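Structural overview
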Amino acid sequence: MFARYKEQEHVQALEQLLDGRGELEKFERSQLGSLCPDTAEEAKTLVPSLEGKISDDDLQELLDEMMRLRNFVQ
């Protein structure tokens, strides 16, 4: 389970969001969900394997959606 999402349905919503990104490995998706970086640059620093797999714009869009979900569930 992702540490910042306490309820099972919130974890499932996050998993569904991340699973929609087929270009990312399971490890990368779990790291993004656990670390909750704010920017694409921060995400690529924390998870270097993201470099070259996803554009900064797409990654930022994903992170923004994760943040909206995180803010919704708190």
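Refer to the structure printed above.
The text that follows walks through the structure, step by step, so that each part is easy to find. (Residues numbered from 1 in each chain as written. Predicted model: local features only at pLDDT ≥ 70, side-chain atom pairs only at ≥ 80, totals over all residues. Heavy atoms only, no water.)

Let us now look at helix α2 (residues 26-35). All of the buried residues in α2 are Glu28, Arg29, Leu32 and Gly33. Viewed end-on, α2 has its buried residues packed into an arc of 130°, placing them on one side of the element. Residues of α2 that are exposed and point more than 90 degrees away from the buried face comprise Lys26 and Phe27. Remark: cysteine 36 follows α2 within two positions and exhibits a positive phi of approximately 50°. (Buried < 20%, exposed > 50% of the residue type's maximum accessible area, 1.4 Å probe, protein only. Helix = DSSP H or I, 4+ residues; strand = E, 2+ residues; numbered from the N terminus. Arc of directions from axis to C-beta.)

The next point concerns unusual backbone geometry. Trans is the prevailing form of peptide bonds, just as negative phi is the prevailing case for residues other than glycine. Backbone geometry places cysteine 36, a non-glycine residue, at a positive phi of 50°. Its location among the elements puts cysteine 36 in the loop between α2 and α3 (40-46).

Quick look at the side chain of arginine 21 now. Along the chain, arginine 21 falls in the loop between α1 (8-19) and α2. In this view, arginine 21 contacts Arg29, Ile54, Asp58 and Leu62; residues no more than four positions away in its chain are not counted. (Contact = heavy atoms within 4.5 Å.)

Here the structure, examined in full by the defined rule, presents six salt bridges. Between lysine 53 and glutamate 25 there is a salt bridge; the shortest N-O distance is 3.8 Å. Of this pair, lysine 53 sits in the loop between α3 and α4 (56-73) while glutamate 25 sits in the loop between α1 and α2, and the two are 28 residues apart along the sequence. Between glutamate 65 and arginine 68 there is a salt bridge whose closest N-O contact spans 3.0 Å. In this pair, glutamate 65 and arginine 68 both sit in helix α4, three residues apart, roughly one turn of the helix. For arginine 68, a relative accessible area of 49% puts it in the partly exposed group. (Salt bridge = Lys/Arg side-chain N within 4 Å of Asp/Glu carboxyl O.)

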